Amino acid sequence: MKRSPFAALTAILAAALLTSGLAAGLVLGLAGPALAHDTLKSSSPAKNAEVTSLDEVKLEFSAKVRMPFVIVRGDGDAQHQSGKPEVDGAVVTQAVKGPLPDGKYTIAYRVVSSDGHPIEGEIPFRVKGAEPPSPSPSPSPSASASPSAAASASAAQEPAATVASSAPAASPTGVAATEQAAAEQGGTFPVWLIIVIGALVGIGIGFLLSARKKQP
């Protein structure tokens, strides 16, 4: 059976197209892995997760990354990250200032992949059921009353010191009065002492007179 030239040309074109298609597929298949960039594999907390507390954020990528930048935003764009993120191969860890109150938060990150391509994204999550912060201890009544009690004690000591300082001032007056009374009493000789002195003087005079009579 003879084929026409048109049929032969059609068969040649079909074979050429099939060959080129296979070649293109092979090229694209080989180029696909080479053109793929590193990606985020997992995160803690995960996207749209609900947690009761959070101390740190962990991001794991498909390959080693560098130059990490991570922030944790809350309501009103308040930031809750603490310090700089740490990178260990393909894992980035970011500390969080806690405890976080209930609310919605977003982890925004940016790193440079192993091939130099930047990777960035956002991970929303929610904190629910967090423990309320413990109230700061209020000063006890005894502690608050201590300054006033000390002031009262100081005020009470001042009058006592005034009385103590004024008391010695009155003592010299009393001593002077006592000395004056003793001096007044000492200026008056007792009557019996005058009689004794008179008797002794009389005896002496008699003794002198008798001694003169005995002389030749």
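Look up a bit, the structure's there.
Note that the structure is a prediction, hence the values are computed from the model and not measured.

*Asks:* For the overall build of the protein chain, give the residues involved together with the corresponding values.
*Replies:* In terms of regular secondary structure, the protein chain is built from three helices and eight strands. Listing each helix as α and each strand as β along the protein chain from the N terminus yields α-β-β-β-β-β-β-β-β-α-α. For the protein chain, buried positions account for 17% of its 216 residues. Intrachain contacts of the protein chain at a sequence separation of at least 6 include 57% that bridge at least 24 residues.

*Asks:* So what's going on with the sheet that holds strand β5 (residues 86–88)? Residues and values would help.
*Replies:* Spatially, four strands are ordered β1-β3-β6-β5 in an open sheet, and the strand pairing comes out antiparallel. Every interior strand has two partners, whereas the edge strands, β1 (40–44) and β5, have only one. Adjacent strand axes in the sheet meet at a mean angle of 15°, parallel and antiparallel pairs treated alike.

*Asks:* Account for the sheet that holds strand β4 (residues 66–73), with residues named and values stated.
*Replies:* Strand order across the open sheet formed by four strands is β2-β8-β7-β4, with mixed pairing between neighbours. The sheet is open, and its two edges are formed by β2 (49–51) and β4, each paired on a single side. Between one strand axis and the next, the sheet turns through 25° on average, direction left out of account.

*Asks:* Go over the nonpolar core with me, naming the residues and quoting the values.
*Replies:* Residues V57, L59, F61, V92, Y109, F125 and V127 are the most contacted members of the largest nonpolar core, which totals 20 residues. Where this core is concerned, the elements lending two or more residues are β3 (56–61), β4, β7 (103–112) and β8 (118–127). Those residues in contact with L59 that sit more than four places away from it in its chain are L40, S42, S43, V70, A90, V91, V92, Y109 and I123.

*Asks:* Now, about unusual backbone geometry: what can you tell me, with residues and values included?
*Replies:* Omega for the bond connecting S44 with P45 falls within 30 degrees of zero, at 5°, which places this linkage in the cis form. Its place among the elements puts P45 in the loop between β1 and β2. The omega angle of the peptide bond from G98 to P99 is -5°, so this bond is cis rather than trans. Looking at the element boundaries, P99 is found in the loop between β6 (91–95) and β7. For N48, which is not a glycine, the phi torsion comes out positive at approximately 65°.

*Asks:* Help me get a handle on the packing of aromatic side chains, residues and values and all.
*Replies:* Considering all chains together, one arrives at two aromatic pairs under this definition. When the centroid spacing of 5.9 Å and the interplanar angle of 65° are considered together, the rings of F61 and Y109 count as edge-to-face. Here F61 is found in strand β3, whereas its partner Y109 is found in strand β7, with 48 residues between them in sequence. Assessed through its relative accessible area of 1%, F61 is described here as buried. Classification of Y109 as buried rests on a relative accessible area of 10%. Plain terms: the ring middles of Y105 and F125 are 5.6 Å apart, the flat faces sit at 20° to each other, and that makes the pair stacked.

*Asks:* Help me get a handle on the pairing of β7, residues and values and all.
*Replies:* Of all 10 residues making up β7, eight are buried, and the element is well covered by its neighbours. One ladder, built from six bridges, connects β4 with β7; its direction is antiparallel. Counted as the bridge partner of F69 is R110 from β7. Where β7 lies against β8, 10 bridges are found, and the strand directions are antiparallel. Pairing of Y105 across the sheet is with F125, part of β8. Here β7 folds back onto β8, and the loop between the two strands holds five residues, one of which, G116, carries a positive phi near 85°.

*Asks:* Requested: an account of a nonpolar patch on the surface, with residues and values cited.
*Replies:* Together, I197, V201, I205 and L209 make up a nonpolar patch on the protein surface, roughly 360 Å² of accessible area in all. The exposure class of V201 is partly exposed, given its relative accessible area of 47%.

*Asks:* Go over the pattern of salt bridges, please, and point to the residues and values.
*Replies:* Enumeration according to the criterion identifies two salt bridges in this entry. Notably, a salt bridge pairs R73 with E122, separated by 3.2 Å at the nearest N-O pair. Of this pair, R73 sits in strand β4 while E122 is found in strand β8, placing the two residues 49 residues apart along the sequence. The exposure class of R73 is partly exposed, given its relative accessible area of 22%.

Conventions and cut-offs
- Residues numbered from 1 in each chain as written.
- Predicted model: local features only at pLDDT ≥ 70, side-chain atom pairs only at ≥ 80, totals over all residues.
- Heavy atoms only, no water.
- Helix = DSSP H or I, 4+ residues; strand = E, 2+ residues; numbered from the N terminus.
- Buried < 20%, exposed > 50% of the residue type's maximum accessible area, 1.4 Å probe, protein only.
- Contact = heavy atoms within 4.5 Å.
- Pairing = 2+ DSSP bridges.
- Axes fitted to C-alpha atoms, helices over the stretch in contact; angles between N-to-C directions.
- Core = buried A, V, L, I, M, F, W, Y, C linked by side-chain atoms within 4.5 Å.
- Phe/Tyr/Trp six-rings, centres within 6.5 Å; stacked < 30°, edge-to-face > 60°.
- Patch = residues over 30% accessible without salt bridge, like charges linked within 9 Å, V, L, I, M, F, W, Y side chains within 5 Å.
- Areas by Shrake-Rupley, 256 points an atom, 1.4 Å probe, with all protein chains shown as cover.
- Salt bridge = Lys/Arg side-chain N within 4 Å of Asp/Glu carboxyl O.

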